[in-house]
Structures are given as structure tokens and as C-alpha cells.
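Remarks on the overall topology
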Amino acid sequence: MTAGEGSYRPLADRLRPQSLDEYVGQSHLLGMGAPLRRALESGHPHSMILWGPPGTGKTTLARLIANGANAEFVGLSAVQAGIKDIRAVVEQARSLRGTRNTVLFLDEVHRFNKSQQDAFLPYVEDGTLIFIGATTENPSFEVNNALLSRARVYVLKSLGSEDLGKLLDRALADPERGFGKLQLQIDADARELLLAAADGDARRMLNLLETAADLSTPEGSGRRLHVDTMRAVIGSTYVRFDKGGEYFYDQISALHKSVRGSDPDAALYWLCRMLAGGCDPLYIARRALRMASEDIGNADPRALLIAVAAAQAVEHVGLPEARLNLAQAVVYLARAPKSNASYRAINAAMRDVQERGNFSPPAALRDGSYYGRKLGHGEGYIYPHDDPQGFDVDYLPDELKGTTYYTPSGNGEESTE
């Protein structure tokens, strides 16, 4: 169901803002007096990279920037474009130079390799192109340094319920671009469900609304969208997750920090977010093994056994049953007493190994076999089981004697005695 006549255009495209005042969200960048808004209103935009989740308005913002500067807008997708396309844009920009600026918008810029990104650097440098890149991935990892030095990075945030609600109200009320002529009404429960399912993605919300509008129920002179219809359209709620991408690392970080902070409820939530998003359960199990040693250690030695058992269980039974094993392990780790004493100790010892050279073992600790004995190896060694004084010896190399790496935390079973 569409509004208006003529060829079909998706609701999300029809409602694309035509001015900054129509733009919803990103008030930290575009609010009155914000730096980016001032730059745009001056009519002199600069090269930039827009980094944010899907459906946060990166493409729309790029178009508004070009329109505000009365510049030629050329949009490319790094999924399909190549160096040949970049060269064609450069030639077009050269022909317009002196009369009109050219904004090159490259969606998913992180998909370009280094040589492809380097292809348009000279033209950004000399002002032939105003470059605007869009990415859902961290530019620090995915965009080369030469390009980052020539473009300012702006971080776009997922839209909150209030911003999504404004956009939803506009879609329902606008008679030309939205559903105003249909007098489409949406039940409160259906509205709440739609906003939650959007997960901060304006495009997703509008696509769901458009599909649901086709299934809405006639009511009086208009139509009504009930919660059951919305639930059927949404189906299994989409969970934002990108294997190996930014969301992946954000969520595993959140899980690990929840366990470290002894919050089993948060740990279970992030575990479920990752599983629902399609994360390999073995990856989570391996991370749990690290948590057990890094953040719990000898405050509860059983934590490592639980984590190992969970990893083995995941290998044996797989999903969906393995989620129970992971949940049990994650809850145990979160509730266990915490100590990072072993973690700090191994890091300190490794620093000395890497930074202070290769020290030889003291003669008493060296191999005292036949050839070693001839060199005096093993002489003076005190066998602790026969002589308790052997427990008081400093076994470090002579150059490191007196160094302390391991300091017991005193938590749980990690005694300080």
C-alpha cells in the first residue's frame, strides 16, 4: 500500500528528509549551535566519514550536505563500485570545477581495500572532491590512515524511541509521502512493539510499518493497525549483530565486563543477545575460559573447571541445548569471587622476559644430570620435601631476586598467607 500515484517508492525513501529541520536524531551533531550544523549552514562542507549503525541517516545526511552547498551529489556503494567508477566521478568533478563543487558519497567505505581508498586521495587533497564516506565499522580499523587524516569522523547514534516516534507520527500524518490519506491509526501496543523491533533503525521501522499497513483492518473511514498484525509482520525480532564486526566486539565486551562486575543478569542478557544474533557458541565458550582465569583465578579455582566443562558440552550437544550449559557457566562466573592476581602476575613476568633480556637459571637450579654435574650444575640445591628451608629459597635469576609478580588478592579461596 503506497501513498500517491505513479511508480512505487518505498515509504523510507518517500519520507527521506528534504531539509535539516526534517532530519530526526543526531542532535549531538545537528542541534542548534552544534559544530557540524554550523559547518553545513555555512555552505562550506568538509570531507568527512559518517560512522554509525544502519538506519541512522548517513545517506540522508550526505544528501542534505550536498544540497545545502548547492553541490553535485554522486553516490556510490563500495560493494559494487571500483577504481574505474571513482575515476569517472573525478572527470565529472573536474568538468564542474569552478562552477560547482562535487560531493562524492561512498557508502560502506570500509569495503574498499587500501589501494581503492588511495585512488581518490589526491582529489580529496586538492579539493576536486568533497568526500563523504559512510560505514558501520570502526574507521580506525577499516579506513586507512591517509584518508582518516583528510576527513573528520562523525559518530551517528542509534535512534531512541522518542526520535523513532516522531518519524512514525510523520509517516502516519503526511498525506503525500506517508499514510495521511489512509487515516491509518495504530494501537498503542502495536506502536510500542514496532518501536522496540526497530532497534534504533529508522529504515527498518518504516519498512515494517509499510508492510503492516497493507494488512491493516478497515475501520470507519480509515484503517487500524492492531498489535496481532504487527506481531505477525515482525515475526522473530531482528537482533543487531555482525559477526566479526563492531557489534560483535561491543557485545562480547559487554558480556565479559558484566561477568567481571559480578552481574549475572546482565551477563545472561548479553549472552542471549550474542546467541540470538548467530554468534558461534564455541567462541563464547572460549571467552568464558579466559574470564575464568583472568577475572576469577584462584579466588575460585572451580570456575575454570566449570568453563572447561561448558566448552566441552557445547562441542558435544551444540545449539540449542548448549545455551543451557553456557548460561550455567556464565552465571557461575558472574557470582564467583573475583581476583585478577594471576592475570597481573603473568603480565608483569612477561614484561620482564621481553624487556630485560635472557637471564640464566642460578647454578643450583640447573640440570644436575651427568654432564651438568661436571659443570657444577645443581650444586647447593635444597630439596624442599627433605628440607623445609627449600621453601624459603628465591628461585628467580640472580638479576631478578626479590621481585614479586604474584600478590594474592585475599578474595575467596586465594589466601594471602
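Worth saying up front: this structure is predicted, and the values here are computed from it rather than measured. (Residues numbered from 1 in each chain as written. Predicted model: local features only at pLDDT ≥ 70, side-chain atom pairs only at ≥ 80, totals over all residues. Heavy atoms only, no water.)

Moving on to the environment of Ala 345. Structurally, Ala 345 can be placed in helix α19 (residues 341-355). Since its relative accessible area comes to 9%, Ala 345 is described here as buried. Sequence separation between Ala 345 and Tyr 406 is 61 residues; the distance between their C-alpha atoms is 4.8 Å. Not counting residues within four places of it along the chain, the set of residues in contact with Ala 345 comprises Tyr 405 and Tyr 406. (Helix = DSSP H or I, 4+ residues; strand = E, 2+ residues; numbered from the N terminus. Buried < 20%, exposed > 50% of the residue type's maximum accessible area, 1.4 Å probe, protein only. Contact = heavy atoms within 4.5 Å.)

All right, on to the sheet that holds strand β6 (residues 184-186) then. Spatially, β6-β8-β7 is the arrangement adopted by the three strands of the open sheet, whose pairing is mixed. The open sheet has two free edges, formed respectively by β6 and β7 (217-219), since each of these has just one partner strand. Ignoring which end each strand starts from, the neighbouring axes of this sheet average 35° apart. The pairing of β6 with strand β8 (residues 222-225) spans three bridges and is parallel. (Pairing = 2+ DSSP bridges. Axes fitted to C-alpha atoms, helices over the stretch in contact; angles between N-to-C directions.)

Below, the discussion takes up the side chain of Glu 414. Residue position: Glu 414 is located in the segment after α20 (370-374). We note that Glu 414 is buried and unpaired, the nearest opposite charge coming from Arg 344 at a distance of 6.8 Å. Among the polar contacts listed, one links the side chain of Glu 414 to the side chain of Ser 339, at a separation of 2.3 Å. Reaching out from Glu 414, the side chain makes a polar contact with the side chain of Tyr 406 at a distance of 2.6 Å. (Lys, Arg positive; Asp, Glu negative; His and termini not counted. Salt bridge = Lys/Arg side-chain N within 4 Å of Asp/Glu carboxyl O. Polar contact = N/O pair within 3.5 Å; in protein donor to acceptor, adjacent residues only side chain to side chain.)

If you look at the biggest cluster of nonpolar residues, it comprises 30 residues, and the most contacted ones within it are Leu 194, Met 205, Leu 206, Leu 209 and Met 230. Only α1 (11-14), α10 (161-173), β6, α11 (188-198), α12 (202-214) and α13 (227-234) provide two or more residues apiece to this core. With seven residues, the single largest contributor to this core is α12. Other than its neighbours up to four places away in sequence, Leu 209 contacts Leu 11, Leu 168, Ala 171, Leu 172, Phe 179, Leu 184, Leu 194 and Leu 225. Counting 24 residues, the second largest nonpolar core, distinct from the first, contains Phe 248, Ile 296, Ala 307 and Ala 311. (Core = buried A, V, L, I, M, F, W, Y, C linked by side-chain atoms within 4.5 Å.)

Attention shifts here to the packing of aromatic side chains. This structure, assessed with the given rule, holds three aromatic pairs. Between the aromatic rings of Phe 73 and Phe 105, the centroid separation amounts to 6.0 Å while the plane-to-plane angle is 25°, which identifies the pairing as stacked. Of this pair, Phe 73 sits in strand β2 (residues 72-77) while Phe 105 sits in strand β3 (residues 102-107), and the two are 32 residues apart along the sequence. Neither residue differs from the other here; Phe 73 and Phe 105 are each classed as buried. An angle of 75° between the planes, with centres 4.9 Å apart, marks the rings of Tyr 269 and Trp 270 as edge-to-face. (Phe/Tyr/Trp six-rings, centres within 6.5 Å; stacked < 30°, edge-to-face > 60°.)

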